[in-house]
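Coordinate analysis (summary)
Listed below, chain by chain, are the residues.
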Amino acid sequence: MFLLGLSFVARNGCVRPCRPAANFLVRQVLWQNARTLTADGRKTWEDWRSLGEKANIVLIGSPGCGKTSTGRMLGEKLGMPVLDVDDHCLEPTWGCTVGAKLKEVGDLHFIEEEGKAVLNYTMPEAFVISTTGSNPFHAKAMLKLSQSGLVVFLDVSKDTVIRRLNKMKIDRIVGQNSAITMSQILDYRQEFYERWYDIRVIVEENEEVESIATKVSKAVDQFSNAEGFVSSRGNADDIPRGYVSFLDTVLQGLAPDGGLYVKSKHQPKFTPGELRRLVELDFRERSIRILEQWTHPLDLRPQEIRSFVYKSYKPHLFTCPEVAPVRRLVHNHYTLELFHGPTASFKDAALQLMPRFFVKAMNTCSDVSKYLIVVATSGDTGGAVLDGFRRHAEGARVGVLVLYPLKGISKIQHHQMTTMEGSNIKVVGVDSDFDFCQTLIKQVFSDEKLGEALKETLDCRLSAANSINWGRLLPQVVSHISGYLEMVRMGQIPFGQPVDLCVPTGNFGNILSAYYAKEMGIPVRRLICASNTNHVLTDFIRNGVYSLQGQTLQRTASPSIDILQSSNLERLLFHLSGEDPKTVRDFYTKLHREGVAAAPKNVWESIHKQFLAGYATEQDCKDITLSTFRATGYMMDPHTAVGRAVACHVGDPNMPTIISGTAHFAKFIDKILPFFRIGQQNHDSLTVGELINEAEALARQPVRHPYLEDMVNKPVVHHDQLPCDYDEIAKAIYDFAAQL
Ligand SMILES: *Cc1c(COP(=O)(O)O)cnc(C)c1O
């Protein structure tokens with residue numbers, strides 16, 4: 001029985017271990033539910049459409065969460081009749097109070113009795129239904145309720161519930177007279193509520209019933225009138241299924257008109273009170289609540305999000321329990337350590353999760369049976385994409401082909417990629433530099449003949465999975481919101497205190513995510529955009545003019561932000577122009593034609609209100625690395641150092657500033673060692689193992705990265721190299737796709 005209990009919790013999608021003290025309840029519910037374990041609330045668009053006007057709104061949640069009062073108020077608001085399961089179904093059926101019934105049949109039989117009563121009850125139509133706290137325990141009865149409409153979970157904090165229950169002297173909670181504390185009972189119950197809801201409504205501390213009912217009604221409205229993503233260039237009207245979901249954007253990347261997908265009109269947003277509720281949660285639970293805001297439950301069930309998040313942010317993949325902890329550096333400067341994932345850069349936060357979205361999207365909204373993701377990389381992207389897809393998309397028909405330049409890739413990055421094993425990945429060196437690899441990739445994606453051959457003969461499409469993809473942006477939004485909440489949780493700032501977020505950026509991806517984090521409600525004074533000597537973005541933010549004229553790419557110690565064309569900037573232009581696709585089109589037409597384009601005055605003014613920008617020279621990067629290390633013993637990677645240097649130049653010393661720590665320093669130790677000129681030796685001759693040893697000897701903070709160390713002893717498994725020739729590369733792509 002006990003073993004069964006564990007497996008029950010696991011198939012529930014909850015990784016939370018079975019608490020010993022709650023075993024009594026597990027056993028008891030199992031006993032009653034043994035025949036209906038597989039039932040859950042899965043609904044499709046078809047189910048929903050066929051319900052139409054008849055759909056009920058079913059409120060679930062802990063005892064004392066306010067289902068009854070909210071239900072009444074909601075019924076009034078929406079002009080819908082209200083059914084209270086306690087008052088209108090159970091008590092008339094039993095001819096006694098719920099408390100009396102519980103006393104009569106005891107904990108062990110109560111849920112079965114309750115389930116029976118609900119199953120025998122004729123479900124009304126177009127009602128607001130307030131369930132009992134224990135309805136979600138009985139799978140069959142709950143399935144019936146769930147199939148009758150939309151299930152809304154009133155998520156109230158445990159403390160509030162306990163406070164209310166003590167006040168109300170409640171006598172009808174299963175288990176409350178056993179040796180288990182109310183807190184344990186509520187923890188345990190949470191898993192059942194999480195299993196059934198379509199929409200979660202986060203209830204604030206001391207929130208009035210009126211306000212909760214308004215929220216529910218808004219949420220129901222948004223559910224019924226699903227608003228998808230639109231193109232930033234506004235020309236993608238002919239959408240096959242009428243609405244572009246988050247999963248569609250993950251699969252497609254670019255919009256059909258070449259624009260980027262954006263949300264218009266209703267941007268997902270938390271109230272301060274809702275955000276405050278997230279402070280007490282860990283990274284995974286925060287992720288679930290944030291991701292839910294961007295997805296429609298009929299496209300991606302909240303229960304799937306939960307399962308994806310728990311599988312992706314596992315303790316053995318992210319080697320720090322907080323996943324993305326915040327550390328204080330000096331005075332008001334903090335760093336958000338985003339590098340505890342398997343490839344030691346911030347990209348892991350997105351790429352350990354995105355493949356799960358991708359596979360789900362392939363299974364639900366794709367017109368082909370397989371995908372090949374092609375990436376050109378000189379750095380962190382390749383490793384992170386390979387690692388994500390080999391771990392989280394195994395068995396699905398999606399592969400990754402990475403092309404890296406034989407010239408100009410660091411030893412550590414090279415070793416990291418070429419030692420990765422996986423049946424769906426391939427890594428190929430191209431006898432050229434990174435610029436050529438990038439040109440090559442562009443050619444691959446615009447090669448119609450190749451595209452057709454892949455589609456017609458292999459039923460396969462290409463994808464880029466690059467940083468414009470929502471599957472990559474969203475998890476980074478989570479990181480930034482979580483960073484702020486960590487500051488509050490650690491007691492570094494009071495809730496509500498504004499901060500600056502400083503992000504070293506190249507493609508404007510991670511800082512755009514920080515912008516969305518701000519838009520979702522965390523109090524940010526300024527977003528600080530940090531560049532290295534490739535400072536096109538700094539100039540743009542300062543002057544409103546984006547100019548590629550006369551620009552050549554500089555090679556720096558922070559190679560992952562050596563970028564001149566920042567794709568994600570397009571989204572910012574869209575939002576700050578008041579969601580005007582014409583502004584975006586004009587800007588990019590001009591930039592394309594003349595190599596220079598100016599943002600309209602209103603856009604630039606808005607940028608100025610929200611952003612600061614600066615760039616670090618190579619000397620700045622070195623100086624700040626050394627001074628920070630000497631003052632604190634903490635070693636920043638060169639990208640993080642660019643961030644801190646810029647925060648020092650343009651930030652406000654009195655403002656708490658969270659600097660994105662985008663990589664573990666050991667990954668870029670070849671760039672850092674020359675800063676220290678240790679022994680004046682020639683660092684180029686060091687092996688990967690020697691480099692990692694040097695890193696370990698150099699600094700103890702941040703903690704060693706176990707994945708980087710493990711990698712050293714792994715054998716190289718990818719030996720393929722290709723000449724600098726398009727046809728050969730196109731053939732390699734086709735051949736690999738054929739194997740998938
Ligand atoms: C990719 C990367 C960046 C830049 O990310 P953007 O999405 O361009 O903002 C910064 N630092 C490191 C270490 C990276 O790998």
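Residues numbered from 1 in each chain as written. Predicted model: local features only at pLDDT ≥ 70, side-chain atom pairs only at ≥ 80, totals over all residues. Heavy atoms only, no water.

As for helix α4 (residues 67–78)
With 12 residues, α4 extends 16 Å between its outermost C-alpha atoms, agreeing within 8% with the 16 Å of an ideal straight helix rising 1.5 Å per residue. Those residues of α4 lying buried are Lys67, Thr70, Gly71, Leu74 and Gly75. Buried residues of α4 fall within an arc of 135° about the axis and therefore sit on the same side. What points out from α4, more than 90 degrees from its buried face, is the exposed set Arg72 and Glu76. If you follow the buried residues of α4, they end up packed against β1 (56–60), β2 (82–84), β3 (128–130), β4 (149–155) and α10 (209–224). Phi for Gly79, located one or two positions after α4, is positive at around 65°. (Helix = DSSP H or I, 4+ residues; strand = E, 2+ residues; numbered from the N terminus. Expected span 1.5 Å × (residues − 1). Buried < 20%, exposed > 50% of the residue type's maximum accessible area, 1.4 Å probe, protein only. Arc of directions from axis to C-beta. Contact = heavy atoms within 4.5 Å.)

Remarks on the packing of aromatic side chains
Using the criterion set out here, one finds 25 aromatic pairs in the structure. Taking 5.9 Å as the distance between ring centres and 70° as the angle between the ring planes, the aromatic pair formed by Trp45 and Tyr243 counts as edge-to-face. Residue Trp45 is found in helix α3 (residues 45–51), and its partner Tyr243 is found in the loop between β6 (229–231) and α11 (246–252); the two are separated by 198 residues along the sequence. Here Trp45 matches Tyr243 in class, with each residue buried. Judged by centre distance (5.7 Å) and plane angle (80°), the ring pair of Phe358 and Phe389 falls under edge-to-face. In this pair, Phe358 sits in helix α16 (residues 354–365) while Phe389 sits in helix α17 (residues 380–392), placing the two residues 31 residues apart along the sequence. (Phe/Tyr/Trp six-rings, centres within 6.5 Å; stacked < 30°, edge-to-face > 60°.)

With respect to the site of the ligand
In the vicinity of the ligand lie 15 residues, with Lys347, Asp380, Thr505, Asn507 and Thr662 positioned nearest. At a separation of 3.4 Å, an oxygen atom of the ligand approaches a polar backbone atom of Gly509. Taking Ser560, its side chain carries an N or O atom lying 3.5 Å from an oxygen atom of the ligand. Its free accessible area being 390 Å², the ligand has 96% of it covered by the protein chains. (Near = heavy atom within 4 Å. Polar contact = N/O pair within 3.5 Å; in protein donor to acceptor, adjacent residues only side chain to side chain. Areas by Shrake-Rupley, 256 points an atom, 1.4 Å probe, with all protein chains shown as cover.)

Some words on the UniProt feature "modified residue: N6-(pyridoxal phosphate)lysine" (unreviewed entry) in the chain
Cross-referencing UniProt, the feature "modified residue: N6-(pyridoxal phosphate)lysine" (unreviewed entry) maps to Lys347 in the present numbering. By secondary structure assignment, the location of Lys347 is in helix α15 (residues 347–351). We classify Lys347 as buried; its relative accessible area is 11%. Residues in contact with Lys347, not counting those within four places in the same chain, are Asp380, Thr381, Ala384 and Arg472. (UniProt positions renumbered as here; feature names shortened; annotations may be inferred.)

Details of the pattern of salt bridges
Enumeration over the complete set of coordinates arrives at 40 salt bridges. The partner of Lys101 in a salt bridge is Glu104, with the nearest N and O atoms 4.0 Å apart. Within this pair, Lys101 and its partner Glu104 are both found in helix α6 (residues 98–120), separated by 3 residues, close to a single helical turn. Residue Lys101 is classed as buried on the basis of its relative accessible area of 10%. Here Glu207 and Lys215 are joined by a salt bridge, their closest N and O atoms 3.0 Å apart. The burial state of Glu207 is the same as that of Lys215; both residues are buried. Overlapping salt bridges, with partners in common, bring together Asp155, Glu194, Arg200, Arg277, Glu285, Arg289, Glu292 and Arg306 in one network. (Salt bridge = Lys/Arg side-chain N within 4 Å of Asp/Glu carboxyl O.)

What about the packing of helix α24 (residues 569–576) against helix α26 (residues 601–610)?
Here α24 crosses α26 at 105°, and the two axes come no closer than 9 Å. With respect to α26, the element α24 is oriented roughly perpendicular. Between α24, through Leu572, Leu573 and Leu576, and α26, the contact on the second element is made entirely by Val603, Ser606, Ile607 and Gln610. Taken together, the residues of the contact of α24 with α26 break down into 5 nonpolar, 2 polar and no charged. (Axes fitted to C-alpha atoms, helices over the stretch in contact; angles between N-to-C directions. Parallel < 35°, antiparallel > 145°, perpendicular 65-115°, else oblique. Nonpolar A, V, L, I, M, F, W, Y, C, P; charged D, E, K, R; others polar.)

A short note on helix α20 (residues 448–458)
Among the residues of α20, Leu450, Leu454 and Leu458 are the ones counted as buried. Projection of α20 onto a plane perpendicular to its axis shows the buried side chains occupying an angular sector of 35°, all on one side. More than 90 degrees from the buried face of α20, the exposed residues found are Glu448, Lys449, Glu452 and Glu456. Where α20 is buried, its residues meet β10 (370–376), α19 (434–446), β13 (460–463) and α32 (726–739).

Notes on the pairing of strand β5 (residues 199–202)
Neither face of β5 is exposed, since Ile199 and Val201 on one face and Arg200 and Ile202 on the opposite face are all buried. Here 4 bridges tie β4 to β5, and the two strands are oriented parallel to one another. What sits directly across from Phe153, in β5, is Arg200. (Pairing = 2+ DSSP bridges.)

Observations regarding the sheet that holds strand β14 (residues 499–504)
The strands making up a sheet associate through hydrogen bonds between their backbones, and the pairing can be parallel or antiparallel. Read across the open sheet, the 6 strands follow the order β8-β9-β19-β14-β15-β18; overall the sheet is mixed. Of all strands in the sheet, those bounded by a partner on one side alone are β8 (326–330) and β18 (611–615). With direction set aside, neighbouring strand axes in the sheet form an average angle of 25°. The pairing of β14 with strand β19 (residues 657–661) spans 3 bridges and is parallel. Counterpart to Asp500 in the pairing with β19 is Thr657. Strands β15 (524–531) and β18 of the sheet are contacted by α26, whose axis makes an angle of about 100° with β15.

Details of the sheet that holds strand β20 (residues 721–722)
Sheet architecture is open: 5 strands sit in the order β13-β10-β11-β12-β20, paired in parallel fashion. Edge strands, defined here as strands with exactly one partner in the open sheet, are β13 and β20. Of the pairings in the sheet, the one linking strand β12 (residues 425–430) to β20 comprises 2 bridges and is parallel in character. Bridge assignment links Gly429 to a residue of β20, and that residue is Gln721. Against the sheet, α16 makes contact with β10, β11 (398–405) and β13, and its axis sits at roughly 145° relative to β10, the strand it touches most.

Let's talk about the pairing of β19
Of all 5 residues in β19, 5 are buried, a share of seventy percent or more. With burial as the criterion, each face of β19 is covered, one bearing Thr657, Ile659 and Gly661 and the other bearing Ile658 and Ser660. When strand β9 (residues 333–337) meets β19, the two strands line up parallel, connected through 5 bridges. Across the sheet, residue His333 finds its bridge partner in β19, namely Thr657.

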